[in-house]
Amino acid sequence: MKSLRIPRSPKVIVGLIILGIFVVLTVIGPWIAPYDPNANTFIPNLTPSWEHWFGTTTLGQDVLSQLLVGCRVTMVVGFIAGLVATLISIAVGLAAGYMGGRTDEGLSLLANVFLAIPGLPLLIVINSYLPAGSQANPLVVGLVIALTGWAWGARVLRAQTMSLRDRDFVEASRIIGEKRWRIMWSEIGPNLLPIIAASLLFTILYAVGVYSTLAFLGLTNVSTWNWGTMMYWAQSNNAALANEWWWLAPPGVAIALVGTSLALINFGIDEFINPRLRAAGLSARQRRRVGLARRPRLGFTPVLRQSTVDPKKVS
Amino acid sequence: MASNSIDEKGNHGVTTLLRRLAIYLFTAWTTITVNFVLPRLMPGDPIQQLIGKLQGRVTPEMIAAIKAQFGQGLNQSMWTQYVHYLTQLLHGDLGVSITLSSPVSDVLSSQIWWTVGLIGVGAVVSFFIGTALGVFFGWTRGSRADVVIPAATFLQSVPYYFLGTILIMIFAATLHWFPLMGAYDPTLSPEWSWTYIASVLRYGELPLASIVLSSLAGWMLGMRNMMVTTMSEDFVLMAVAKGLSRRRVMWHAARNAVLPSVANLALTIGLLVSGSLLVEQIFNYPGVGNLLVNAVGNEDYPLLQGIFLLITFTVLGANFLADALYYVLDPRTRTAAVH
């Protein structure tokens, strides 16, 4: 797969590095946290210092420790919800797109219904009926989030499967007499990979955002540390009015960074799927190096591919 | 491509629109049914627990009303309960709010206009500004202006409640440019006077700005990508070859590139409404979002159910409007009927 250009774009590299840091923190965060996140024995409202890198809260707790401990729950819920939702959308999208007919009608209707119902209110309603023990359980919340977040991916995968269904190579394996699930799994499946990856990133992004939102609203267990509950406590102690930026900023910036990293990786996948976006992703210096005009011209979107000609000679 | 106007089942534009309407009606029915089924089938019997907690705190009539609404202790079959529930809904009866002690429909009709006003204006403003910016940055692709992409991506990833809180901290609490929270000057009473309306507008500025800022980037990035793709189409090259001015070419490309954004409008309305529920929480603004969070906190299930129905129906209606707009904007969906 020499055409796999994804890791080379600087956007993707930055995205992978940021995501990598947060994945590492997910694993080791609770171990390297300097203090107990619940300990309220420090002087309240300290600005950042060497003892407390991100300062302390009005309740006298260490902000950095809360951030590090909260990383794990936030990320794990995001990844579980993202994975489960993507698995559902692969199953629904492939089946609907490949089988067509009644199966497609039924599954598409189901996906359309889930797309049209606003996700967060549905989630809030389901969550409020859960027994108190389940509300506190991040796994249960993650699964409920997955239930509300699979439809978008299923729709995209269905459309792509339908466009692949009648291609010659699929037709060929049908004629050979391959089993239906084998055609779906090993003929169509690999061609859906970029879209599956994009859908996974999108869903993780959605799940991290929605879980933090629920936590911010105080609808999950407020004594389980995650980035949303940090914002919940900051909000309920009026941190904004007291200008305590060191308390507000870390969880918000952390969520935004995770989101940015996923979006940056997604850019790479987009450019992989749509080559016209690829040249647009180059910086002015790169354009010169590969021998493109400084300013892009109308009507000509250069498509970059491995060239046997030395670009320096061409320009 | 004339075949574009006919979908894979051979339906023409109007038929497609009617199919969408059918899907929305089906979704509305599903929502009602989910609302009926959830409290009855959830493990732990939440309604039973609620009634236990309410004993002695509210009037016996209130408990009887809740029991009737959720079919507790009536020994009716599920089907009878369901028919009863649907009949009530058809008469606009959403039950009685436990905490506010007044009919849910009255509570909602007094609060919904704050939400519709704020979120509606915010959505329209951010769609137009974001799309215009997207046209511009799509046009200047590959130049230094491309630095806005990572910046916009970051802005898009910032959680709404964080953005709102930071805006309050900087512009209201520290710089005192805007009022802190609320929807109007608390010393005024709601009436049709200029001072009151001016106060509502003044208090709406910062919440509105936060909504626009948070959803702007999405529209911009989507439109920019479509502009980049559209500008390499032959018809744009043709427009350049005819010697049209830059502005006319840009307008020509933009009109075609905006169609997916309009198609996406339907998909994003739900997201926008969900996210904007938070605006009321953060700015202490009246409206449906504030009611929803309070209803969850107080386990006010009748109010919670009513709000969920109201939000879903509004989103479905908005979705259908967006579909109809697409039908009007894309001439291919209309000319198809002639062929």
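Residues numbered from 1 in each chain as written. Chains lettered and ligands numbered in written order. Predicted model: local features only at pLDDT ≥ 70, side-chain atom pairs only at ≥ 80, totals over all residues.

*Asks:* I keep staring at the overall build of chain B and nothing clicks. Help me out?
*Replies:* The helix and strand inventory of chain B stands at 13 helices and zero strands. Counting across all 339 residues of chain B, residues that qualify as buried make up 40%. Long-range contacts, defined here as pairs at least 24 residues apart, represent 73% of the contacts in chain B between residues at least 6 apart. (Helix = DSSP H or I, 4+ residues; strand = E, 2+ residues; numbered from the N terminus. Buried ≥ 20, exposed ≤ 12 C-beta atoms within 10 Å, placed from the backbone. Contact = placed C-beta atoms within 7 Å.)

*Asks:* How should the overall build of chain A be read in this particular structure?
*Replies:* Scanning chain A from terminus to terminus reveals 14 helices and zero strands. Taken from the N to the C terminus, the helices and strands of chain A come in the order α-α-α-α-α-α-α-α-α-α-α-α-α-α. Out of the 315 residues in chain A, the part that is buried amounts to 47%. Considering only contacts in chain A between residues 6 or more positions apart, those separated by 24 or more positions represent 70%.

*Asks:* Just checking my understanding: could you explain the interface of chain A and chain B for this structure?
*Replies:* By a frequent convention, interface size equals the accessible area lost on bringing the separate parts together. Opposite the 48 residues of chain A that make contact, chain B presents 54 residues. For the side of chain A that touches chain B, the elements supplying multiple residues, two or more each, are α3 (101-116), α4 (119-129), α9 (180-216), α10 (227-236), α11 (245-273) and α12 (275-280) of chain A. With nine residues, α11 of chain A is the largest single contributor of residues to the side of chain A that touches chain B. When the residues that make up the side of chain A that touches chain B are grouped by side-chain class, the tally is 31 nonpolar, 14 polar and three charged. (Nonpolar A, V, L, I, M, F, W, Y, C, P; charged D, E, K, R; others polar.)

*Asks:* Whenever I open this one, helix α6 (residues 138-149) of chain A confuses me. Can you help?
*Replies:* What sets the pattern is the α-helix's 3.6 residues per turn: residues three or four places apart point alike. Over its 12 residues, α6 of chain A runs 16 Å from end to end, which matches the ideal 16 Å to within 8%, given 1.5 Å per residue. Packing partners of the buried residues in α6 of chain A comprise α2 (63-99), α3, α4 and α9 of chain A. (Expected span 1.5 Å × (residues − 1).)

*Asks:* Sorry if this is basic, but what is going on with the nonpolar core here?
*Replies:* Nonpolar side chains in soluble globular proteins tend to be buried together. Ranked by internal contacts, the top residues of the largest apolar core, which has 157 residues, are Ile145, Ala207 and Tyr211 of chain A together with Met227, Leu292, Leu304 and Ile307 of chain B. The contacts of Ala207 of chain A, once residues within four sequence positions are left out, are Val77, Gly78, Ala81, Gly82, Gly142, Ile145 and Gly149 of chain A. (Core = buried A, V, L, I, M, F, W, Y, C linked by C-beta atoms within 7 Å.)

*Asks:* So what exactly am I meant to see when it comes to the packing of α11 of chain A against helix α6 (residues 148-157) of chain B here?
*Replies:* Between two packed helices, what matters for the description is the angle formed by their axes and the separation of those axes. With their axes 8 Å apart at the nearest point, α11 of chain A and α6 of chain B run at an angle of 130° to one another. By the angle between their directions, the pair α11 of chain A and α6 of chain B is classed as oblique. In this structure, α11 of chain A meets α6 of chain B at a crossing whose hand is right-handed. Facing Ala256, Gly259, Thr260, Ala263 and Leu264 of chain A of α11 of chain A, the residues of α6 of chain B in contact are Thr153, Phe154, Gln156 and Ser157 of chain B. Per-class residue counts for the contact of α11 of chain A with α6 of chain B are four nonpolar, five polar and no charged. (Axes fitted to C-alpha atoms, helices over the stretch in contact; angles between N-to-C directions. Parallel < 35°, antiparallel > 145°, perpendicular 65-115°, else oblique. Left-handed = near helix turned anticlockwise from the far one by under 90°.)

*Asks:* I tried to follow the environment of Leu309 of chain B on my own but got confused; where do I start?
*Replies:* Residue and element names in this part refer to chain B. Residue position: Leu309 is located in helix α12 (residues 301-329). For the pair Leu309 and Ile32, spaced 277 residues apart in sequence, the C-alpha separation works out to 7.1 Å. Setting aside residues no more than four positions away along its own chain, Leu309 makes contact with Thr31, Ile32 and Asn35.

*Asks:* Before we go on, may I ask you to explain the confidence of the model for chain A in this structure?
*Replies:* Residue-level pLDDT values for chain A average 79, and 83% of them are 70 or greater. No element of chain A has a lower mean pLDDT than helix α14 (residues 311-314) of chain A, which averages 49, and none a higher one than α2 of chain A, which averages 88. (pLDDT = per-residue confidence, 0-100.)

*Asks:* So what exactly am I meant to see when it comes to α2 of chain A here?
*Replies:* All names here are of chain A. Spanning 37 residues, α2 covers 53 Å between terminal C-alpha atoms, matching the ideal 54 Å at 1.5 Å per step. The axis of α2 is deflected most strongly, by about 30°, at Gly70. Most of α2 is tucked away, with 29 of its 37 residues classed as buried. Among the residues trailing α2, Gly100 stands out with phi positive, at a value near 65°. (Bend = angle between axes of the 7 residues up to and from the residue.)

*Asks:* Please explain unusual backbone geometry as it appears in this structure.
*Replies:* Generally, phi is negative for residues other than glycine and the peptide bonds are trans, each holding for most cases. Residues and elements named next belong to chain B. A positive phi angle is found at Asn284, which is not glycine, with a value near 50°. Examined against the element boundaries, Asn284 turns out to sit in the loop between α10 (246-282) and α11 (288-297). Taking the number of C-beta atoms within 10 Å as the measure of exposure, Asn284 has 13 and is therefore partly exposed.

*Asks:* How should the environment of Ala209 of chain B be read in this particular structure?
*Replies:* Among the secondary structure elements, Ala209 of chain B is positioned in helix α8 (residues 194-230). A residue is classified by how many C-beta atoms lie within 10 Å of it, and Ala209 of chain B, with 17 of them, is partly exposed.

*Asks:* Looking at this model, I keep getting lost on the confidence of the model for chain B. Mind explaining?
*Replies:* It should be kept in mind that the predicted coordinates are not to be read in detail where pLDDT is low. Residues and elements named next belong to chain B. Looking at chain B, pLDDT values average 78 and 87% of them are 70 or higher. Summarising per-element confidence for chain B, the mean pLDDT is lowest in helix α13 (residues 331-335) (63) and highest in helix α5 (residues 104-139) (85). Considering only residues more than four positions removed or in separate chains, one finds that residues 1-10, a stretch of pLDDT under 50, has 12 contacts. Reported for the predicted complex are a pTM of 0.80 and an ipTM of 0.77.

*Asks:* Please clarify how the environment of Ile195 of chain A should be interpreted in this entry.
*Replies:* All names here are of chain A. You can see Ile195 is positioned in helix α9. The exposure class of Ile195 is buried, given the 20 C-beta atoms found within 10 Å. A C-alpha to C-alpha distance of 26 Å links Ile195 and Thr26, two positions 169 residues apart in sequence. Not counting the four nearest positions on each side in its chain, Ile195 is found in contact with Val156, Leu157 and Gln160.

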